[in-house]
Structures are given as structure tokens and as C-alpha cells.
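# Geometric and topological summary
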Number of protein chains: 2
Amino acid sequence: MTNKIGVISMFYARPFGRANFGTFAQARASGMEFMELLVPEPGELDPRETKMAAAEHGLDLVFAARVNLQRDLASPDEAARKAGLAYLRTCVDEAVAYGVKIVGGPLYGAPLVFAGRPPAPVDADARKRRFDWVVNGLTDAAAYAADKGVILGLEPLNRFETDVANTTEHALEIVDAVGNKALGAMLDTFHMNMEDRDIAAAIRKAGKRMVHFQANENHRGFVGDGHIDWPSVARAIVAVGYTGPITLEPFRRDDVPAGTCVAQWRAPHRNEDAELAASGAYLRAALDSARRAA
Amino acid sequence: MTNKIGVISMFYARPFGRANFGTFAQARASGMEFMELLVPEPGELDPRETKMAAAEHGLDLVFAARVNLQRDLASPDEAARKAGLAYLRTCVDEAVAYGVKIVGGPLYGAPLVFAGRPPAPVDADARKRRFDWVVNGLTDAAAYAADKGVILGLEPLNRFETDVANTTEHALEIVDAVGNKALGAMLDTFHMNMEDRDIAAAIRKAGKRMVHFQANENHRGFVGDGHIDWPSVARAIVAVGYTGPITLEPFRRDDVPAGTCVAQWRAPHRNEDAELAASGAYLRAALDSARRAA
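Every chain begins its residue count from 1, and numbering advances along the sequence as written. Written order decides the labels, with chains lettered from A and ligands numbered from 1. Whole-chain, interface and lining totals are the exception, using all residues; otherwise, since this is a predicted model, local features are given only for residues with pLDDT of at least 70 and side-chain atom pairs are given and counted only at 80 or more. In computing side-chain values, all of the structure's heavy atoms are included and hydrogens and water are not.

## A look at the overall build of chain A
Counting its regular elements, chain A contains 9 helices and 8 strands. For the radius of gyration, the atoms used are the C-alpha atoms, and the globule rule reads 2.2 Å times the number of residues raised to 0.38. Its C-alpha radius of gyration of 18 Å places chain A within 12% of the 19 Å reference for a compact globule of 294 residues. Structurally, chain A occupies a C-alpha span of about 50 × 45 × 40 Å along its principal axes. Counting only residues that meet the buried cut, chain A has 59% of its 294 residues in that class. Taking the intrachain contacts of chain A between residues at least 6 apart in sequence as the baseline, contacts between residues at least 24 apart amount to 78%. For every accessible area listed, the method is Shrake-Rupley and the probe measures 1.4 Å; residues are considered covered only by the protein chains on display. If you sum the accessible surface of chain A, you get close to 11100 Å²; carbon and sulfur atoms cover 53% of it. Positive residues here are Lys and Arg, negative ones are Asp and Glu, while His and the chain termini are left out of the count. The atoms used to mark charge sites are NZ of Lys, CZ of Arg, CG of Asp and CD of Glu. The averaged location of the 38 negative side-chain charges in chain A is 3 Å from the averaged location of its 34 positive side-chain charges. Secondary structure elements are defined from DSSP: runs of H or I of at least 4 residues count as helices, runs of E of at least 2 residues count as strands, and each element is numbered from the N terminus. A simple rule labels every residue: compare its accessible area, found with a 1.4 Å probe on the protein chains alone, to the largest value its type can have, and call it buried under 20%, exposed over 50%, or partly exposed in between. Contacts: residue pairs with any heavy atoms within 4.5 Å of one another.

Here it is in C-alpha cells:
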């Protein structure tokens, strides 16, 4: 069984609304098999209409959760923690409404740079407290997801984007503490490239606990245009028997002179369908080679 | 001629004062040939005393500049831009006082995550304005440095730490616009790993414009413990004839459970001399192999 390869909606547009439904055909034409959408906020999209528009082009949907300082399982503010948990339940409900099986992202909360929160030292007590809040919140969310047949994927982010889970080990530490099969790890090579000492070894360690995967180049451009060792990544994916979705998120863009804000999402300035298709084909070829050799 | 390999003072302590002079002997015992100090703020260190303490153990000194939102060549606030320029002149004066030849760092200013500044889109006009402010400021600073026999090394940082120079290309774009041999590029593999598509190719492109180098693992742990392709980096360093200093900055530390603030500098919790020595020896061996094969 092979992995479905898809693309994040932000590759085309953000926010993503009905006006962007034309990208479903575009994605399909680039060889994509699913679209990963940011979990729609109230009023952004209609479940039935969206599901049908995607299905018309043979595309599944996957969800990416959006946390912030106001919905944050790791917050010292109890209201934010409660809102964080309520949000995860909403994500599960929305997943059911959209026929989505997987909701991934930094489910624990605690955003840093994108929330304008500077990195600050955390003492052992505060660390333990936050870890427990996160585990408690995710224990509840995972039970809720399990009831609804939805899988939650906890994604570690690089050190500048969060101070809760940065490495694959961190994600597994939390996943194991929760101990519910409805919560697994979601791994993204962009973040792994910064935090894990050996990307392939980290995938092998995650093993069956890996429930979602994002394939991004080191600079977040197109897969194959950087230094991620894709043959080694593909061999690890095959070795652990991961047959779930693999999302491409190439939104680096190619017009970045000095002074551009590279971290901030930027709209495409030209049609990048050919590059997306080439990335997908490259990754598929790497996976095929790995499977043949396995 | 071989490169001197040294270590940043933050490996041992921050702030770094007279009480930390014992680390000069420690660094030397780990095979280090220089110490890179943060440019001392007024009253932090005495030039003559520090220089002598380092020299006693055969160590040169190199400087790392510290910018912030109040001293920032790229700021929309004119006072901050003036303070940014005044600071660079102070760095040059301090370099002369300490017998230091190279001052490196994100000289252009514009800190992001460590200043709690969230990434924000920059339009073309604002980009051009900031680029010009940076080039004007560095043109003045480079002329001042040239007069005093000091070299400035402009360091691109990853997208989360600044929005002025992220890639080697960005650094070269600014260096070329200034066009003074007293300003070159300083490259750090930690940042290159995130932003450059090909680290070795970027070094080769920088060529003679490269005036300082920091060798860091992808996760900022010890060189040799991650996935940076050091043989390829070493070959590029040799190919461009770079014989300047190479600084190690391994301050990841090894006690990082989930919930640790990995981005924030943390003090060592145990003696890491053996790992530092092994890193230096490994890098030296990679450079020696590259030289032998050249």
C-alpha cells in the first residue's frame, strides 16, 4: 500500500474559502491525492459543499489545527487551557462533519514567534506543570477523538515556534504519557531538520505511533530542492510501515531578496503547479524505490 | 595554512566576566585556539586584563556583536538606526582595545523572536527602505572599521531570528551593495541548515567574501552529533581558501525533556569539555582530509 501525497491549502491561498475551490482541480492536476485544510473557523467553509468540491476531483481532506495564546493547553491561564481543550473538541467535531480522519498540528499550544512571545527560561516546576496540563488536556481530547473515530496527530515544532514539543522524542514523550491510540505523533521534516539529530532514526523510533507526516524541504521550498536526505526518509517511512498521508507545504516562494519576511506566510506570485507536480513525483519515486528495496 | 578553531564564551557562561577567566585554560585544554566573546558592554570586562588572561593560554579573541530593537540599522525609528550605527562604531573601538580583528553578527539589526517581534509581511517599499538604511549604516560602519584595521562579518540568521538577511545570498547582496573589503559575510551552518538549499554551494559562492565562520550542528549540539554534512562543508571551506577562524557554539545541552525552552540560552549543567574537544578534533580532521584531497 502506498502513501497518498497531498498539499496544504496555504500553498494556494490563505484564508481558504469557497472562492478557492478551483484549487482542488489544480491540486489533482498536479498529482495530489488530498488537500490539507486548516480547521475551518466558524463560517469559513461549509462542510458538505467543501467535501463535495474536493471529492469531485478525487481528493480526500486532512485537517491542520490552529492554536494560539487564547487556546493553549500549556497556558498558565486556566481560561486559555479550557479554550484550548474546547478547540480540540471542536476540531474533532469539524473533522466528523468534513469526513476527515486526521487532525494534526501543535495541539499542545504554546506558540512562540508567531504569537510574539519571546523564548524565556522555564524552571523545572513550571515545566512539570505545563507538561501535566498538556497531558491532561490531550487525554481528554484523545478520548473524545477516539469516540468519534478521529485520530489526533501531535506535531513537534522547531524551537522558535514553541517551547513545549520540539523534537520527535518530545512528541513521543507526550503521546506515551497520554497512552490513547487516538493520539499519535505527526512529523514534519522542516522541524525535524532543525531539532532531530537523525531524521530517519527519529521516524523509525516513532514507528507505529506516527499518524501523519509532512514532507518539507529544509528551507520550506519544493521537496528535492534542498538538502533533506529523501531516500533515507523514504526508507524509514517504509520501514515503519507508515501508509498514511504525506503533505507537501512548499510555501517558501522564490522571490525573496534581502529584507523579505521569510517566516511569514506569503501568497504565490506566480503559478507553481509544475514545481508541485515535480515534488510529488520525486517523493513518490523515492518511496517506490524504498519499497522495492525493502 | 589551517583554520583556528575556537569556542564562543556562551558555551561556558553568560554573562561572561572576570570570574569566568578560568574558562580560557579550560578552552585551551579542549584544543581551542581562540575564544569568541560577545562585544563587552560598558563595565563588563577590562580590555587589557581580558586580553592578557586569554593570551596567557595562547588564545586569540574574536567578537560577536549584540543588536536589539534599540540599536537597529533597519528600524523605522531614526533614533534606533543612529544607535545601531553608534553601536557598530563602538564594536570597532572595542575590537581595537581588545586586539580583536573580526567582529561578526547580525550587524543589520532587526531581531525577531528574541525581541518578541512577530514576523510581519513587508511590502516592497518598506523592504527597499530598510535595505537602503542597512546599506547606508554598514557603509559608514565599514569605512570606520577599515580605518581601524577591523573586519566586520555580516551574519545571516534564520527566518525566525530576523527578517533582513536569512540566506547567504542575502548577506552577499548587502556586502556587495556596501562594496568595502572591511565588510564581509559570516556564515553559520546552524542558520544555513534552515535557509540555504546547499550549504557547500553557498560557501563556494561567498568565496573570498567570507570573513568568519561558525560551525554548528543542525540542532546546535556538538559538531558531529547531527546531520550537517561536515566533509562537504570542509571541502568548500578549503576550496575557497578560507583560512580564518571557525567558532563552535554548542549550547544545546543534553537535558531537554518536553517543555524545555530550547531556543533560550541555558547554562551547562555538567562539564562538557570532552565533547567540545571531540567536536574540535572531528572538525579539524574533516578540514585536514579536505586539504589533503584538494
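## A look at the environment of A83 of chain A
Considering the arrangement of structural elements, one finds A83 of chain A in helix α3 (residues 78-98). Taking the C-alpha atoms as reference points, A83 of chain A and V67 of chain A, separated by 16 residues in sequence, lie 9.9 Å from one another.

## Digging into helix α7 (residues 199-206) of chain A
All names here are of chain A. Within α7, the full set of buried residues consists of I199, A200, A202, I203 and A206. With its buried residues spanning 160 degrees around the axis, α7 presents them on a single face. Buried positions along α7 lie against α5 (168-178), β6 (183-188), α6 (189-195), β7 (210-215) and α8 (230-239). Positioned one or two residues after α7, G207 has a phi angle of 55 degrees, which is positive. As used here, the arc belongs to the directions running from the helix axis to the C-beta atoms.

## Considerations on the packing of aromatic side chains
Put simply, two rings from Phe, Tyr or Trp (the six-membered ring, in Trp's case) pair if the centres are within 6.5 Å, and we call them stacked under 30 degrees between planes, edge-to-face over 60, tilted for the rest. One pass over the full model with this rule turns up 13 aromatic pairs over all chains. Chaining the aromatic ring pairs together yields one cluster made of F114 and F160 of chain A together with F114 and F160 of chain B. Only when the NZ atom of a Lys or the CZ atom of an Arg is both within 6 Å of the ring centre and within 35 degrees of the ring normal do we say a charge sits over the ring. The lysine or arginine in question, R81 of chain A, covers the ring of W133 of chain A, its NZ or CZ lying 4.0 Å from the ring centre.

## Regarding the interface of chain A and chain B
It is common to give the size of an interface as the accessible area that goes away when the parts come together. The interface of chain A with chain B comprises 47 residues on the first partner and 47 residues on the second. Once two parts are brought into contact, the accessible area they lose, counted with a 1.4 Å probe and summed over both, makes up the buried area. Summed over both partners, the interface of chain A with chain B buries about 3900 Å², with 57% contributed by carbon and sulfur atoms. A per-residue breakdown of the area chain A buries against chain B is headed by R159, F160 and A258 of chain A, which together make up 17% of the total. By convention in these notes, a salt bridge is any Lys or Arg side-chain nitrogen within 4 Å of a carboxyl oxygen on Asp or Glu. At the junction of chain A and chain B, the tally comes to 4 salt bridges. Of the charged contacts in the structure, one is a salt bridge between E195 of chain B and R252 of chain A, with a shortest N-O distance of 2.9 Å. The term polar contact refers here to a pair of N or O atoms within 3.5 Å; inside protein, the definition further demands a hydrogen-donor-capable atom paired with an acceptor-capable atom, and it admits residues adjacent in sequence only when both atoms are side-chain atoms. The interface formed by chain A and chain B contains 27 residue pairs in polar contact (both at pLDDT 80 or more). Elements represented by at least two residues in the side of chain A that touches chain B include exactly α4 (124-148), α5 and α6 of chain A.

## A look at the sheet that holds β6 of chain A
All names here are of chain A. Only strands that DSSP links by at least two bridges are regarded as paired with each other. Spatially, 8 strands are ordered β1-β2-β3-β4-β5-β6-β7-β8 in a closed barrel, and the strand pairing comes out parallel. Direction aside, the axes of adjacent strands within the sheet are offset by 30 degrees on average. Two strands pair when backbone bridges link them, and β6 and β7 are joined in this way by 4 bridges, in the parallel orientation. Its bridge partner lying in β7, D188 is registered against Q214. For every element, the axis is a line fit to its C-alpha atoms; helices are fit only across the contacting stretch, and the angle between N-to-C directions ranges from 0 to 180 degrees.

## Quick look at the pairing of strand β4 (residues 102-105) of chain B
Residues and elements named next belong to chain B. By the alternation rule, side chains of β4 split into I102 and G104 and V103 and G105, which are all buried. As paired strands, strand β3 (residues 60-64) and β4 are joined by 2 bridges and run parallel to one another. Following the sheet pairing, A64 is matched in β4 by G104. You can see the chain leave β3, run along helix α3 (residues 78-98) and come back into β4, and the turn it takes is right-handed. Examined bridge by bridge, β4 and strand β5 (residues 151-154) share 4 bridges and lie parallel to one another. Of the residues in β5, the one forming a bridge with G105 is L154. The crossover handedness rule: strands pointing away from the viewer, path from first strand over the helix to second strand clockwise, crossover right-handed.

## What about the packing of α5 of chain A against α7 of chain A?
Residue and element names in this part refer to chain A. At a minimum axis separation of 10 Å, α5 and α7 run at an interaxial angle of 10 degrees. The orientation of α5 relative to α7 falls into the category roughly parallel. The residues of α7 that touch α5, namely those facing T168, E169 and L172, are A202, K205 and A206. Gly is placed with the polar residues, together with every amino acid not listed as nonpolar (Ala, Val, Leu, Ile, Met, Phe, Trp, Tyr, Cys and Pro) or charged (Asp, Glu, Lys and Arg). Of the residues that constitute the contact of α5 with α7, the class distribution is 3 nonpolar, 1 polar and 2 charged. Roughly parallel here means an angle under 35 degrees, roughly antiparallel means over 145, roughly perpendicular means 65 to 115, and every remaining angle is called oblique.

## Things to note about the sheet that holds strand β6 (residues 183-188) of chain B
Residues and elements named next belong to chain B. A barrel is described by the order of its strands in space; here 8 strands give the closed sequence β1-β2-β3-β4-β5-β6-β7-β8, paired in parallel fashion. In this sheet, neighbouring strand axes are inclined to one another by 30 degrees on average, regardless of whether the strands run parallel or antiparallel. In the sheet, strand β1 (residues 5-8) pairs with strand β8 (residues 246-248) via 3 bridges, with the strands oriented parallel. Its bridge partner lying in β8, V7 is registered against L248.

## Examining the relation of the copies chain A and chain B
Between the two chain copies there is a screw-like relation: a rotation about an axis and a shift along it. Its rotation angle being 180 degrees, the transformation that places chain A on chain B also includes 0.0 Å of axial translation and leaves an RMSD of 0.0 Å. Expressed as a symmetry operation, the mapping of one chain copy onto the other fits a two-fold axis. Both copies contact each other with a shared surface, as 100% of the interface residues of chain A are interface residues in chain B too. Least squares is the method used to superpose the copies, on C-alpha atoms of residues holding a pLDDT of at least 70 in both.

## Some details on the pairing of β7 of chain A
Residues and elements named next belong to chain A. Most of β7 sits out of view: 6 of its 6 residues are buried. Two strands pair when backbone bridges link them, and β7 and strand β8 (residues 246-248) are joined in this way by 3 bridges, in the parallel orientation. Its bridge partner lying in β8, F213 is registered against I246.

## Regarding the side chain of N20 of chain B
Along the chain, N20 of chain B falls in the loop between β1 and α1 (22-29). With near-sequence residues (within four places) excluded, N20 of chain B lies in contact with A13 and P15 of chain B.

## Section: the pattern of salt bridges
If the charged atoms of two oppositely charged side chains come close together, the side chains can form a pair. Counting across every chain of the model gives 46 salt bridges over all chains. Linked through salt bridges whose partners overlap, the residues forming this network are E41, E44, R66 and R71 of chain A.

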